[in-house]
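Summary of structural features
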Amino acid sequence: KRNNAVTFEDFAKWYTEGGYVVAPWLELLDLNKFLSLIGESSRPSPRHAYDKTIADILFTFPLANNQSLVVLREDAKYVCSVVTELGLLSLTSEEIWETLCSDVAASMKKRSNTQKSISMEVDQDTFVECMLRVMKRKARAPKEKSSEGTFSPKEVFKNFFLSFDIEQSNRVALNQLMCGLTLLCGGKKSSKLVFAFGLFDGHDTKEVKNGRKKPSMGREDFVNFFRSFLIVMFSCCNQSLDLSGDAVSQYIADTAHSITKDVMAFQWRTKKLDRVKFENFSEWYNEGGFETAPWLELLDLNKWVLIDRKEQSDSSAKQSNSPTLAATVTEASAQSPYQGFRDLISTPKVGGETSDVGGRNCPPASDVDIFDLDMDDVDAVAMDLMLQQEVTDDSVEQNGNLTYVNPVSTSSPSHSMAQNALKFHLLTNNAHHGYMISIEPSHVNLLKRLVTETGLCQTDASTVCNFILGEAKSCEDSKITKKSFDTAMNNVFSHTTRSVSSTLSKSTQLELSEFLDKLFGAFDWANAGFINALDLACGITVLCGGRKSDKLEHVFEILDEDKDSLLSRQEITRFIRSFLITLTSVSSSFTLLDGNPCGKTESTISTAIETGSEWATSQVFDSMKQKSATACICFDDFGEWYTKGGYQSIPWLELLDLRKWVV
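Everything quoted here is computed from the prediction, not taken from an experiment.

**Comments concerning the overall build of the protein**
Helix and strand counts for the protein stand at 21 helices and 17 strands. In the protein, buried positions account for 55% of the 663 residues. Here the analysis covers contacts within the protein between residues at least 6 apart in sequence; of these, 73% occur between residues at least 24 apart. Put simply, the protein shows about 28500 Å² of open surface, and 49% of that area lies on carbon and sulfur atoms.

Right, dumping it as structure tokens:
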């Protein structure tokens, strides 16, 4: 027996477990190597992920089996040049699909008598020819070479096809190709997800709404759905050039199956069904899916591919006198009158440098929330915005890179924030344009103890509000004294503690008492010795259990005292102000958006609350051209305003969902 020899299996194991880093040139034996979207010679020479500095890295996303997807700034820049050159940014997914599907079907029928369907298989030549024709008709004729002469459009689409043709059969399902292509088109992330979801409905559903079938997906559909996005994401990243084709394929397959398993388990647990409609998928995302698949944020090209344009816009905003944030929208979604935002906790300093908070290790916030409305009735995805935390020196480092919170971890979202301050901006019409409000970890942890140990976070808002409003029935103008407040809160906690197994410790009782005193003081901003029960009932919903959408609707109903389903400008200001009072009561510091300190005095807080709520109200009514003092809006009006851009004006409204920052 030879001691200086190895079997092929030993060699293969060595190569798979790291040898590909030592001898990466062996990959050249595979001419169909898992390539990026551009030609072989056009991409800058790759460097290994561990050679990158933090400045090079935009995001690090978690994948299955403790692997990661690393997105570099140079990845974003080059993909930006490709999609811009091809004209993809000027087209939505629907515009491309409308022509591509018919064109491919006609070509395939001539060649092999293939029948038209969304999942029909197409060969490389047909796909490339059809895509070039689509781009010529819909955008503009692609050049033989880019303006810099660095890549050929034909080669781009060839390599795009090869990325999906892992089995090298020269046949790929058209819906999978289109799903991946959706990532690189113009338009909002929400619209892309809705469109892509419909590409995989191979089930003959009988449920019809508004004359249209409601698509649904099963297990295999979801695997292909997630897999299609991941293929393109890896193809766009230098990281794929540092790995073997088999390794990348395994990363993608494992992650697609892992996330699919999570979606299907959620669906079975909540609905006892083995098929998922889009609203179910949206609910899964709201309930924690945004942690499991944070890389879905890359569907918003503003977050990475167009990041340089974003930063240029941010730089231009420094010269603006408007308190709104700099606009960054794709060409296909430029109709929105509302301006974009970097993330929920960045500091939009009008007169100074923009603070990069969260940045490289966390995906930016989702682009819209629609109060959990049905997708057939709105134009956007019912996916809540994600709050981010400020990166500190204590952030976790792996291989020198900051890493995103691992979704496989058993720790809760609030655990990741335990070491970092939570910040949100409050815009106003003041000369300094608003405030940056910070909530320190100790405050978040205290709040977590109080709402969990008392059971408040498990109690719906309507129940808590009824106790407070019930105490105010005998009071004039719904004004309650500190004694009545204490009675109401005792009634609340006598009820909520029934849902918890243990009694409150003396230390928790003391903390609760101090917190309630502070809360009363926050609502008694005039030091009158009494507060308005309606304001308190509205504001305390922030600390209750339930969805943000349910809380908002319930508060709207509370303030609608004449029950005409409408609120006036003054009532909307009160609506917004009640939430701000509670949030500022748990805050730790205030800073002006122009960079100057302002302290956290009673005067500062009351001014911030009043000017912030008045400014937000003006945004609501001005957007609907409701300028008269007697103008009124309904809850759907407010929801539509928020969906179509209001979330940029008052991102802190996301804090009504305790899952995002407390529990």
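**Topic: a nonpolar patch on the surface**
Together, Val6, Phe8, Phe11, Trp14 and Val22 line one region of the surface with nonpolar side chains, adding up to about 570 Å² of accessible area. Looking at the secondary structure, you find valine 22 in helix H1 (residues 8-22).

**Structural notes on unusual backbone geometry**
We note that histidine 433 has phi near 75°; this positive angle belongs to a residue other than glycine. Notably, lysine 563 is not glycine yet its phi reads approximately 55°, a positive angle. Classification of lysine 563 by relative accessible area gives exposed; the value is 58%.

**Side note on the packing of aromatic side chains**
The description of two aromatic rings rests on the distance between their centres and on the angle between their planes. Evaluated as defined, the whole model comprises 32 aromatic pairs. Ring plane angle 40° and centroid distance 5.3 Å describe the contact between phenylalanine 160 and phenylalanine 164, whose orientation is recorded as tilted. Note that phenylalanine 160 and phenylalanine 164 are positioned in helix H5 (residues 153-164) at a spacing of four residues, about one turn of the helix. Its relative accessible area of 2% is what places phenylalanine 160 among the buried residues. Where phenylalanine 575 meets phenylalanine 579, the ring centres are 5.3 Å apart and the plane angle is 75°; that geometry is what we call edge-to-face. Linking phenylalanine 575 with phenylalanine 579, this pair stays in helix H19 (residues 569-585), spanning four residues, or about one helical turn. Among the residues examined, phenylalanine 575 registers a relative accessible area of 0% and is labelled buried. Given a relative accessible area of 0%, phenylalanine 579 falls into the buried group.

**Points about the sheet that holds strand E16 (residues 589-592)**
Read from one edge to the other, the open sheet built from three strands follows the order E11-E12-E16, with strand pairing classed as antiparallel. Of all the strands in the sheet, the pair left with one neighbour each is strand E11 (422-427) and E16. Sheet twist, expressed as the average angle between the axes of neighbouring strands with direction ignored, equals 25°. Looking at chain direction, strand E12 (residues 434-439) and E16 are connected through four bridges and run antiparallel. The residue bridging methionine 436 from the neighbouring strand is threonine 591, located in E16. The strands touched by helix H20 (residues 602-623) within the sheet are E11, E12 and E16, with E11 carrying the most contacts at an inclination of about 65°.

**Some words on the confidence of the model for the protein**
Per-residue pLDDT for the protein averages 76, and the proportion of residues at 70 or more is 72%. The weakest mean pLDDT in the protein belongs to strand E10 (residues 401-402) at 30; the strongest belongs to helix H17 (residues 533-540) at 96. Under a pLDDT of 50 for its full length, residues 33-51 has, in the predicted model, 59 contacts with residues more than four places off or in other chains. Below pLDDT 50 for its whole length, residues 204-211 participates in 15 contacts with residues either more than four positions away or in separate chains.

**Overview of the side chain of serine 438**
By the secondary structure assignment, serine 438 is in strand E12. Beyond its immediate chain neighbours, meaning those up to four positions away, serine 438 contacts Ala421, Leu422, Lys423, Ser587, Ser588 and Ser589.

**Considering the environment of phenylalanine 575**
Considered as a pair, phenylalanine 575 and serine 613 are 38 residues apart in the sequence and their alpha carbons are 8.5 Å apart. Setting aside anything within four residues of it in sequence, one finds phenylalanine 575 in contact with Leu552, Val555, Phe556, Leu559 and Phe638.

**Notes on the packing of H5 against helix H8 (residues 219-235)**
Relative to each other, H5 and H8 sit at 130°, their axes nearing to 10 Å. In terms of orientation, H5 lies oblique with respect to H8. When the axes of H5 and H8 are compared, the crossing they make is right-handed. Note on element contacts: H8 touches H5 through Arg227, Ser228, Ile231, Val232 and Ser235, opposite Phe160, Ser163 and Phe164.

**A few points about the pattern of salt bridges**
Once the charged atoms of two side chains with opposite charge are near each other, the side chains can pair. A full pass over the atoms with the stated rule returns 17 salt bridges. Arginine 171 is paired through a salt bridge with glutamate 121; the nearest N and O atoms lie 3.8 Å apart. Of this pair, arginine 171 sits in the loop between H5 and strand E4 (172-173) while glutamate 121 sits in strand E3 (residues 121-122), and the two are 50 residues apart along the sequence. Residue class for arginine 171 comes out partly exposed when judged on its relative accessible area of 33%.

**Side note on the nonpolar core**
Formed by 89 residues in total, the largest nonpolar core has its most connected members in Phe225, Trp295 and Trp304. Not counting residues within four places of it along the chain, the set of residues in contact with tryptophan 304 comprises Leu58, Phe59, Val71, Ala76, Leu183, Cys236 and Leu298. In terms of nonpolar packing, the next biggest core, distinct from the first, is built from 81 residues, Val451, Leu516, Ile572 and Leu593 among them.

**Examining the environment of threonine 452**
Mapped onto the fold, threonine 452 is located in helix H13 (residues 441-453). Classification of threonine 452 as partly exposed rests on a relative accessible area of 27%. For threonine 452 and glycine 545, which are 93 residues apart along the polypeptide, the C-alpha to C-alpha distance reads 10.0 Å. The contact partners of threonine 452, leaving out residues within four places of it in the chain, are Cys457, Gln458, Val500 and Val663. A distance of 3.3 Å separates a polar side-chain atom of threonine 452 from the backbone oxygen of arginine 449.

**Structural notes on H20**
Between its first and last C-alpha, H20 extends 32 Å over 22 residues, near the 32 Å set by a 1.5 Å rise per residue. Lysine 625 sits one or two positions beyond H20 and adopts a positive phi of about 55°.

**Topic: the environment of aspartate 242**
Inspection of the secondary structure puts aspartate 242 in the loop between H8 and helix H9 (245-271). Note on aspartate 242: relative accessible area 12%, which makes it buried. For the pair formed by aspartate 242 and proline 24, sequence separation is 218 residues and the distance between their alpha carbons is 7.5 Å.

**Here we look at the packing of H13 against helix H16 (residues 506-523)**
Between H13 and H16, whose axes approach to 10 Å, the crossing angle comes to 105°. One element, H13, and the other, H16, form an angle in the roughly perpendicular class. Where H13 abuts H16, its residues Leu446, Leu447, Arg449, Leu450 and Glu453 lie against Thr508, Glu511, Leu512 and Phe515. Here the contact of H13 with H16 is composed, by residue class, of five nonpolar, one polar and three charged.

About the thresholds
- Residues numbered from 1 in each chain as written.
- Predicted model: local features only at pLDDT ≥ 70, side-chain atom pairs only at ≥ 80, totals over all residues.
- Heavy atoms only, no water.
- Helix = DSSP H or I, 4+ residues; strand = E, 2+ residues; numbered from the N terminus.
- Buried < 20%, exposed > 50% of the residue type's maximum accessible area, 1.4 Å probe, protein only.
- Contact = heavy atoms within 4.5 Å.
- Areas by Shrake-Rupley, 256 points an atom, 1.4 Å probe, with all protein chains shown as cover.
- Patch = residues over 30% accessible without salt bridge, like charges linked within 9 Å, V, L, I, M, F, W, Y side chains within 5 Å.
- Salt bridge = Lys/Arg side-chain N within 4 Å of Asp/Glu carboxyl O.
- Phe/Tyr/Trp six-rings, centres within 6.5 Å; stacked < 30°, edge-to-face > 60°.
- Pairing = 2+ DSSP bridges.
- Axes fitted to C-alpha atoms, helices over the stretch in contact; angles between N-to-C directions.
- pLDDT = per-residue confidence, 0-100.
- Parallel < 35°, antiparallel > 145°, perpendicular 65-115°, else oblique.
- Left-handed = near helix turned anticlockwise from the far one by under 90°.
- Core = buried A, V, L, I, M, F, W, Y, C linked by side-chain atoms within 4.5 Å.
- Polar contact = N/O pair within 3.5 Å; in protein donor to acceptor, adjacent residues only side chain to side chain.
- Expected span 1.5 Å × (residues − 1).
- Nonpolar A, V, L, I, M, F, W, Y, C, P; charged D, E, K, R; others polar.

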